[in-house]
Amino acid sequence: MSWCTDHADRDRARAWADASARTRRPINYRMNAELNADKRVDPLESQVDRLRDSLPPGTVIIGGDGDPRPAEFLQALAEDLGCDATIISGDGHEPWLEKPAEFAAVFRAAVDSDSPITAPP
């Protein structure tokens, strides 16, 4: 049930979440606790300069406007990192699953070009 909200397509969210639960490894609560503790000590925001310097040219952040993690944060992160962000309409946290054709087009364009990328209509 915890992965149902990751999907914008509410009609298929439960089936995708069920498939993920059956194929992914069990949740590692200890690792997640350690990562969350580290995130409080050394938040991502403190690493933006280092991350910006290590990103290859043409880096694109791809997300969905139906992801429970707000797209505005991805867009702000992309701006801070000096890269592009493409937000796919009607997509959730796993764009390659929900909108495979749109994701593939954005991903392929990012791989093939250093120019700004826009999602197909």
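Residues numbered from 1 in each chain as written. Predicted model: local features only at pLDDT ≥ 70, side-chain atom pairs only at ≥ 80, totals over all residues. Heavy atoms only, no water.

### What to know about the overall build of the protein chain
As a reminder, the rule being used: Put simply, DSSP marks the helices as runs of H or I at least four residues long and the strands as runs of E at least two long, and each gets a number from the N terminus on. Categorising residues by exposure relies on relative accessible area from a 1.4 Å probe, with only protein chains included: less than 20% of the type maximum marks a residue as buried, more than 50% marks it as exposed, and the intermediate range marks it as partly exposed. When checking whether two residues touch, look at their non-hydrogen atoms; a contact exists if any pair is within 4.5 Å. Shrake-Rupley sampling with a 1.4 Å probe provides the accessible areas, and residues are treated as covered by the protein chains on show and by no other component.
Of regular secondary structure, the protein chain possesses six helices and two strands. Of the regular secondary structure in the protein chain, the N- to C-terminal order runs α-α-α-β-α-β-α-α. A buried classification covers 26% of the 121 residues belonging to the protein chain. Taking the intrachain contacts of the protein chain between residues at least 6 apart in sequence as the baseline, contacts between residues at least 24 apart amount to 55%. When the accessible surface of the protein chain is summed, it comes to about 8,400 Å², and 55% of that surface belongs to carbon and sulfur atoms.

### Section: the nonpolar core
The test is simple: Nine residue types can take part in a nonpolar core, namely buried Ala, Val, Leu, Ile, Met, Phe, Trp, Tyr and Cys, and a core is a set of them joined through side-chain atoms within 4.5 Å.
By size, the foremost hydrophobic cluster in this structure holds five residues: V48, I61, A78, L81 and C83. Discounting residues that sit within four places of it in the chain, C83 has contacts with T59, I61 and A78.

### Brief notes about helix α1 (residues 10-23)
The following threshold applies: In this analysis, the expected span of each helix is defined as 1.5 Å times one less than the number of residues it contains. In this description, one arc is meant: the one made by directions from the helix axis to the C-beta atoms.
The end-to-end C-alpha separation of α1 is 20 Å, in line with the 20 Å expected for 14 residues at 1.5 Å each. Of all the positions in α1, only A13, W16, A17 and S20 are classed as buried. Around the axis of α1, the buried residues are gathered within 105 degrees of arc, so they sit on the same side. Residues D11, R14, A15 and R22 are exposed on α1 and point more than 90 degrees away from its buried face. Packed against the buried residues of α1 are α5 (95-98).

### Side note on the confidence of the model for the protein chain
So the rule is basically this: Known as pLDDT, the predictor's confidence for each residue is given on a scale from 0 to 100.
Across the protein chain, the average pLDDT comes to 80, with 84% of residues at or above 70. Here α1 stands out as the least confident element of the protein chain, with mean pLDDT 74; strand β2 (residues 84-88) is the most confident, with 94.

### What about the environment of G82?
Within the secondary structure layout, G82 lies in the loop between α4 (71-81) and β2. We classify G82 as exposed; its relative accessible area is 68%. Along the sequence, G82 and D53 sit 29 residues apart, while their C-alpha atoms lie 9.7 Å from each other.

### As for helix α6 (residues 100-112)
Across its 13 residues, α6 extends 18 Å between first and last C-alpha, which sits within 8% of the 18 Å expected from 1.5 Å per residue. For α6, the full list of buried residues reads F103, V106 and A110. When α6 is viewed along its axis, its buried side chains cluster within an angular range of 70 degrees and face the same direction. Seen from the buried face of α6, the exposed residues on the opposite side, beyond 90 degrees, are A101 and D112. Where α6 is buried, its residues meet β1 (60-64), β2 and α5.

### Topic: the side chain of D67
Applicable threshold: Distance and chemistry together define a polar contact, namely a pair of N or O atoms within 3.5 Å, with one atom able to donate a hydrogen and the other to accept it when in protein, and with adjacent residues in sequence counting only for side-chain atoms on both sides.
Inspection of the secondary structure puts D67 in the loop between β1 and α4. The class of D67 is buried, set by a relative accessible area of 12%. Polar contacts involving the side chain of D67 include one to the side chain of H93, which spans 2.7 Å. Discounting chain neighbours no more than four positions away, the residues touching D67 are D91, G92 and H93.

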